[in-house]
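Coordinate analysis (summary)
Next come the chains, spelled out residue by residue.
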Amino acid sequence: MSAMEEKELEKGAEPSVDDDWNPVEKVILERRSVRYYKPKQVPENLVRRILEAGRFAPSAGNYQPWRFIVIRDRDIIDAMERDIRMMCKMLKPILAWESSPLGPVAKLMSKTLTWFLPNKLHHEPYGAINAIADGEVGVFHGPPTLILLLMDKRGAGKPQVDLGCCGQNIVLTAHSHGLGTCWVGFVELLRQNPIWKKRLGIEYPYELCEGISLGYPVGKPDGMIAREAYHTRWFENGTMKVVV
Ligand SMILES: Cc1cc2nc3c(=O)[nH]c(=O)nc-3n(C[C@H](O)[C@H](O)[C@H](O)COP(=O)(O)O)c2cc1C
């Protein structure tokens, strides 16, 4: 932070806190990822309504580069979970090269993977891969319904951003109906798996992008939890101020 920004902050750029949130803001601020679900199934019409909210998301050039797959068969969700766990078990000895029996080969593979996939092999997902491999955490967290988001690879601009908008509409709408959701990025470990592509009917130009678990939450994980505050530079009328 520059000296000028620091000075601005000292001047008392307080975070603006307003308790009088409107219903949309409340939904945004109160949504939390849900990792425990009741077995009760979500009514079909409600799932369709939630997908409709996804369909109305903005997208570059209005290309709408998404398709959905809804899975409400426990057998299928369990089988996907097993295969993702297996993938994590395979990745673990490569990524945890320091303790790997593969020695320098594992180190080379790990460094190469991290070089090519710096975001995916960030320490957070890396830690999660270990935890999933060891059975310490689940993949889908046992939802009665799983929504898979498919991305049209030909999408204009940055289709991943469009998919993010679409998924956010889905999770916020679900929350507004008293449902819980959790994004599951780990489904991408099945993206190249020909067995799953065939079983789910995923063909070019679509690819498996994200999963969203959906169901009635156990307990109340929701509530406003603190997020990091950032300094925002604000240029107006020839001056610059820093707001938090
Ligand atoms: C694209 C994306 C992928 C995610 N993948 C996973 C996942 O695989 N497993 C999981 O438990 N949570 C996953 N999450 C949830 C994040 O961990 C969670 O959003 C974050 O910790 C903030 O917590 P909150 O959602 O409760 O506010 C994912 C979130 C996003 C946006």
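The model shown is predicted, which means the values in this text are computed figures rather than measured ones. (Residues numbered from 1 in each chain as written. Predicted model: local features only at pLDDT ≥ 70, side-chain atom pairs only at ≥ 80, totals over all residues.)

Digging into the overall build of the protein chain
What the protein chain contains, in helices and strands, is eight helices and six strands. Counted from the first residue to the last, the protein chain has its helices and strands arranged as α-α-α-β-α-α-α-β-α-β-α-β-β-β. Each of the 244 residues in the protein chain was classed as buried or not, and the buried ones make up 26%. (Helix = DSSP H or I, 4+ residues; strand = E, 2+ residues; numbered from the N terminus. Buried ≥ 20, exposed ≤ 12 C-beta atoms within 10 Å, placed from the backbone.)

Brief notes about the sheet that holds strand β3 (residues 180-184)
Pairing is antiparallel across the open sheet formed by four strands, whose spatial order is β1-β2-β4-β3. The sheet is open, and its two borders are formed by β1 (66-71) and β3, each paired with just one other strand. On average, each strand axis in the sheet is inclined to that of its neighbour by 25°, with strand direction left out of account. Relative to strand β4 (residues 206-215), strand β2 (residues 145-152) runs antiparallel, the two sharing eight bridges. (Pairing = 2+ DSSP bridges. Axes fitted to C-alpha atoms, helices over the stretch in contact; angles between N-to-C directions.)

Some thoughts on the site of the ligand
Taken together, the neighbourhood of the ligand is formed by R32, S33, R35, C182, W183, V184, G185, F186 and E210. Per-element tally for the shell around the ligand: the top contributor is β3, with three residues. Class assignment for the residues of the shell around the ligand results in four nonpolar, two polar and three charged. (Near = placed C-beta within 6 Å. Nonpolar A, V, L, I, M, F, W, Y, C, P; charged D, E, K, R; others polar.)

Considerations on unusual backbone geometry
For the peptide bond that leads from Y204 to P205, omega is 10°, which places it in the cis range. Considering the arrangement of structural elements, one finds P205 in the loop between α8 (194-200) and β4. In this structure, N62 takes a positive phi of about 50° despite not being glycine. Look at Q64: it is not a glycine, yet its phi comes out positive at around 50°. Position of Q64 relative to the elements: it lies in the loop between α3 (44-55) and β1.

Observations regarding the environment of P23
Within the secondary structure, P23 sits in helix α2 (residues 23-30). Sequence separation between P23 and S176 is 153 residues; the distance between their C-alpha atoms is 8.9 Å.

As for the confidence of the model for the protein chain
In this model, the protein chain carries a mean pLDDT of 88, and residues with pLDDT of at least 70 account for 88%. Overall, residues 12-17 carries pLDDT values under 50, and its contacts beyond four positions in sequence, including any with other chains, amount to six contacts. (pLDDT = per-residue confidence, 0-100. Contact = placed C-beta atoms within 7 Å.)

Some details on the packing of helix α4 (residues 74-95) against helix α5 (residues 104-116)
Running from N to C, α4 and α5 cross one another at 105°; their axes reach a closest spacing of 7 Å. Taken together, the axes of α4 and α5 are roughly perpendicular relative to one another. Contacts between α4 and α5 pair P93, I94 and L95 from the former with A106, M109, S110 and L113 from the latter. Looking at side-chain class alone, the contact of α4 with α5 contains six nonpolar, one polar and no charged residues. (Parallel < 35°, antiparallel > 145°, perpendicular 65-115°, else oblique.)

Considering the pairing of β3
In terms of burial, β3 is largely enclosed, as four of its five residues are buried. Sheet topology places β3 next to β4; five bridges connect them, and they run antiparallel. Its bridge partner being in β4, V184 is matched across the sheet by G211.

Some details on α3
It helps to recall that an α-helix has 3.6 residues per turn; residues three or four apart then point in one direction. Compared with the 16 Å implied by 1.5 Å per residue over 12 residues, the 16 Å span of α3 between its first and last C-alpha is a close match. Of the positions making up α3, those classed as buried are V47, I50 and G54. Each buried residue of α3 lies within a common arc of 60° when the element is viewed along its axis, so the set occupies one face. Seen from the open side of α3, the exposed residues pointing more than 90 degrees away from its buried face are N45, R48 and E52. Tucked into the core, α3 has its buried residues touching β1, β2 and α7 (159-176). (Expected span 1.5 Å × (residues − 1). Arc of directions from axis to C-beta.)

Focus: the nonpolar core
Counting residues in each nonpolar core, the largest one holds 40 residues, and the members touching the most others are I84, L149 and L150. Of all the elements in the fold, those that place two or more residues in this core are α3, α4, α6 (123-133), β2, α7, β3 and β4. When neighbours within four sequence positions are excluded, L149 is seen to be in contact with W66, F68, L163, C166, G167, C209, E210 and I212. (Core = buried A, V, L, I, M, F, W, Y, C linked by C-beta atoms within 7 Å.)

Considerations on the environment of E44
By secondary structure assignment, the location of E44 is in helix α3. Spatially, the C-alpha atom of E44 lies 9.8 Å from that of T145, the residues being 101 residues apart in sequence.

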